[in-house]
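Observations on chain architecture
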Amino acid sequence: MAARELGARHLLAIALLPVVAGACSDGRAADPLVFIDETRQRVDVLHDSSYRFDALFVDFNSDGCPDVFVVSHSDCGATSRLWSNRCDGSGTFRHVPAAEAGYYVEGPPLMSGWVTRLDFNGDGRQDFWGRHGRAMGGRYRNGSEPGSFTPRFVAKEEGCEGYCAFADITGSGKLEVITDARQVFDMAGRQLRRASGSRALQVVGDVTGDGWPDIVQPANGGYWRNDAGDLVWIDVPAFTGDSSMQMLLADFDNDGHLDLFHLDGPQFGDSTRALLYRNDGAGGFVNVSAGSGLARIAASDYGNVIAADFDNDGFQDLMVSGVADSVRIYRNNGDMTFTVSNATSFGSSAGRVAGGWQSGKPRADVADFDADGRLDIVKTQFPGNVGLWRNATDTGGRRWMKVRVRGDNGNSDGVGASVRWYRPGTGQLVAHMPVMVGEQHPQTHLHTGLGDHDEVDVEVRFPNGGPVHRFANVASNQEVIVYRNGCILQAWTPGTGWPLSPPAGCSADVR
């Protein structure tokens, strides 16, 4: 649907402050980010709720087009809403009632609050998992028929208690559940690792670069290094303060190592500061918060943080929800510093999450819902429950690529894989992203900008000692699927579904 056909809309142009001293001067941050509220033009039916809590892009029907899911804080109201992307090129959405799709089932286990989208049973279909603040959480198992536009959830099952993360810690090849007490369970609930150490909020990812996911606990002053399934505690003197639930790992400076960002403050309250740590590549971290442009962020602990490249320059920007009752974007200058816009908040009458006491609890997610190569935003919004903000930024012709990693043996999303984009024939990184799942909504189906590169070498490192594949001279401005056996499907287009296994005749290139 062309922009001129969408009628009256709300427009937010994010005009940037001058680039800070020491930032790259190649024009990456010269043009303003522009997002347009197109909710009423894109969504067929709007439903408000008494307590909207989380908003995310999902692909429950596996057609490759991001759908929209808004979750209420309480099961009892049955006010969660799902809108399926029509996946016909229009970028429009149809409301799917819970009675059709089964994403609401009354009764325990309780399903509310923060949501993680993931394929927990490895059947190739996206399930979801919700955490309740004071009870065992619930997970919904996707049993949709292949090719069906309307997804169908066939079971609501008991999830985990507390703040859980998901990765393959032991090398089983399957996703596992990690609690904040360092317990590890398989998806059937069998304990694989006993609880030990002090409880602390965590983020899980490969910070040592050896292919095994580590357990990072800033509030405990370090991380559990994963040595091929054995966990060894590593002190990080630079870590200071407590940490909120809002934590992420991302390679902000494109040096090949995952850096750490988190908010610091009381649980279920507003953060008092933000902390940014650069991964030194030798198993340690350096506090670079001062001068980063991020140190003074104050945001609700009910929000979330996402690394996403909104301007397609190859560097991951930072989106923080819960700032000024809405969403704020901090643009990556390429040197571990960030520039915030003057118009920082999606906080107009159309952009507010809600009125009254709910206003400090927005949640948001990113995906390219209209397939134009730019990351858009979905957020909780008042009225109508959902806000769809289309990215209309003039990126100056910068290129992009989407990569879907397909694992096997119970990890169909390839969680833990590392995807790197290089200048052809070199070791110079253009972009680097990990495949992760979690309640902060990290990207699982990866999207990055590539600057002015028409072609790049794409390298995918599968986790837990898995194979490494490098594909030379891959054209940008396309979506690809990479399989563990070395098959790569290029020029994949949404609408035909995500093949779980490499198609017949797809050549393997295992290295």
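Heads up: the structure comes first, above all this text.
Here's a quick rundown of the structure. Just so you know, these numbers come straight off a predicted model, no measurement behind them.

1. Examining the overall build of the protein
The helix and strand tally for the protein stands at 2 helices and 37 strands. Classification of the 511 residues of the protein by burial places 62% in the buried group.

2. Description of the sheet that holds strand β14 (residues 191-193)
Pairing is antiparallel across the open sheet formed by 4 strands, whose spatial order is β11-β12-β13-β14. Each edge of the open sheet is held by one strand with a lone partner, namely β11 (165-167) and β14. With 2 bridges joining them, strand β13 (residues 184-185) and β14 adopt antiparallel strand pairing. Across the sheet, the residue bridging to V184 is R193, located in β14.

3. A short note on the packing of aromatic side chains
Here the structure, examined in full by the defined rule, presents 22 aromatic pairs. Among the aromatic side chains, those forming a connected cluster through ring pairs are F60, F69, Y103, F128, Y140 and F153. Sitting above the plane of the F120 ring, R139 keeps its charged end 4.3 Å from the centroid. One cation-aromatic arrangement involves R182 over W224; the distance from NZ or CZ to the ring centre is 3.6 Å.

4. Let's talk about the pattern of salt bridges
Side chains bearing opposite charge may pair, as long as their charged atoms lie close to each other. In total, this model carries 19 salt bridges according to the counting rule given. With its nearest N and O atoms 3.1 Å apart, the salt bridge here joins R363 to D54. Separated by 309 residues along the polypeptide, R363 in the loop between β26 (338-340) and β27 (364-367) and D54 in strand β3 (residues 52-58) bring together distant segments of the chain. For the residue pair R363 and D54, the accessibility class agrees, reading buried in each case.

5. Observations concerning the nonpolar core
In this structure, V216, Y223, F239, L249, L260 and F285 are the most contacted members of the largest nonpolar core, which totals 22 residues. Secondary structure elements with two or more residues in this core: β19 (247-250) and β21 (273-279). Ignoring sequence-local partners within four residues, the contact set of V216 consists of L201, Q202, V203, V207, G222, Y223, F239, L249 and L260. Listed in part, the 21 residues of the second largest apolar core include V456, F462, F471 and V480.

6. With respect to the environment of D253
Topologically, D253 is positioned in the loop between β19 and β20 (259-264). In this structure the C-alpha to C-alpha distance between D253 and N332, which are 79 residues apart in sequence, comes to 8.7 Å. Sequence-distant contacts of D253, defined by excluding residues within four places in its chain, comprise D259, R278, F315 and M336.

7. Notes on the sheet that holds strand β24 (residues 317-323)
Taken together, 4 strands build an open sheet; the order of strands is β23-β24-β25-β26 and the sheet is antiparallel. Two strands close off the open sheet at either side, each with one partner strand: β23 (305-308) and β26. Recorded for the sheet is a direction-independent mean angle of 30 degrees between the axes of neighbouring strands.

8. Quick word on unusual backbone geometry
With an omega dihedral of -5 degrees, the bond running from P108 to P109 counts as a cis peptide bond. With a phi angle near 60 degrees, N312 is a residue other than glycine that sits in the positive phi range. Among the structural elements, N312 can be located in the loop between β23 and β24. When its relative accessible area of 1% is taken as the criterion, N312 is described as buried. Despite not being glycine, A371 shows a phi value in the positive range, around 60 degrees. Relative to the helices and strands, A371 resides in the loop between β27 and β28 (376-381). A residue is classified by how much of its surface remains accessible, and A371, at 56% relative accessible area, is exposed.

9. Considering the pairing of strand β16 (residues 214-217)
Judged by which residues are buried, β16 turns out to be covered on both faces: D214 and V216 on one side and I215 and Q217 on the other are all buried. Note: strand β15 (residues 203-205) against β16, 3 bridges, orientation antiparallel. Note that in β16 the partner of V204 across the bridge is I215. Two strands pair when backbone bridges link them, and β16 and strand β17 (residues 222-227) are joined in this way by 3 bridges, in the antiparallel orientation. Bridging from a neighbouring strand, Q217 pairs with G222 of β17. Hairpin connection of β16 to β17: 4 residues between the antiparallel strands, including G221 at a positive phi of 85 degrees.

10. A few points about the state of the cysteines
Disulfides are covalent bonds that link the sulfur atoms of two cysteine residues. Scanning the model with the defined rule gives 2 disulfides in all. C65 shares a disulfide with C87; S-S distance 2.1 Å. Every disulfide takes its handedness from the sign of the S-S torsion; for C65 and C87 that torsion is 65 degrees, giving right-handed. With a gap of 22 residues between them, C65 in the loop between β3 and β4 (67-72) and C87 in the loop between β5 (81-85) and β6 (93-96) connect regions that are remote in the sequence. Looking at C65, the relative accessible area reads 10%, which means it is buried. Covalent S-S linkage joins C160 and C164, the inter-sulfur distance amounting to 2.2 Å. Exposure remark for C160: the relative accessible area of 11% places this residue in the buried category.

11. What to know about the side chain of S292
Inspection of the secondary structure assignment puts S292 in the loop between β22 (285-287) and β23. Here the side chain of S292 touches L294 through a polar contact of 3.1 Å, landing on its backbone nitrogen. With sequence-adjacent residues up to four places away left out, S292 is seen in contact with L276, M336, T337 and F338.

Reading the values: rules and limits
Residues numbered from 1 in each chain as written. Predicted model: local features only at pLDDT ≥ 70, side-chain atom pairs only at ≥ 80, totals over all residues. Heavy atoms only, no water. Helix = DSSP H or I, 4+ residues; strand = E, 2+ residues; numbered from the N terminus. Buried < 20%, exposed > 50% of the residue type's maximum accessible area, 1.4 Å probe, protein only. Pairing = 2+ DSSP bridges. Phe/Tyr/Trp six-rings, centres within 6.5 Å; stacked < 30°, edge-to-face > 60°. Lys NZ or Arg CZ within 6 Å of the ring centre and 35° of its normal. Salt bridge = Lys/Arg side-chain N within 4 Å of Asp/Glu carboxyl O. Core = buried A, V, L, I, M, F, W, Y, C linked by side-chain atoms within 4.5 Å. Contact = heavy atoms within 4.5 Å. Axes fitted to C-alpha atoms, helices over the stretch in contact; angles between N-to-C directions. Disulfide = S-S within 2.5 Å. Polar contact = N/O pair within 3.5 Å; in protein donor to acceptor, adjacent residues only side chain to side chain.

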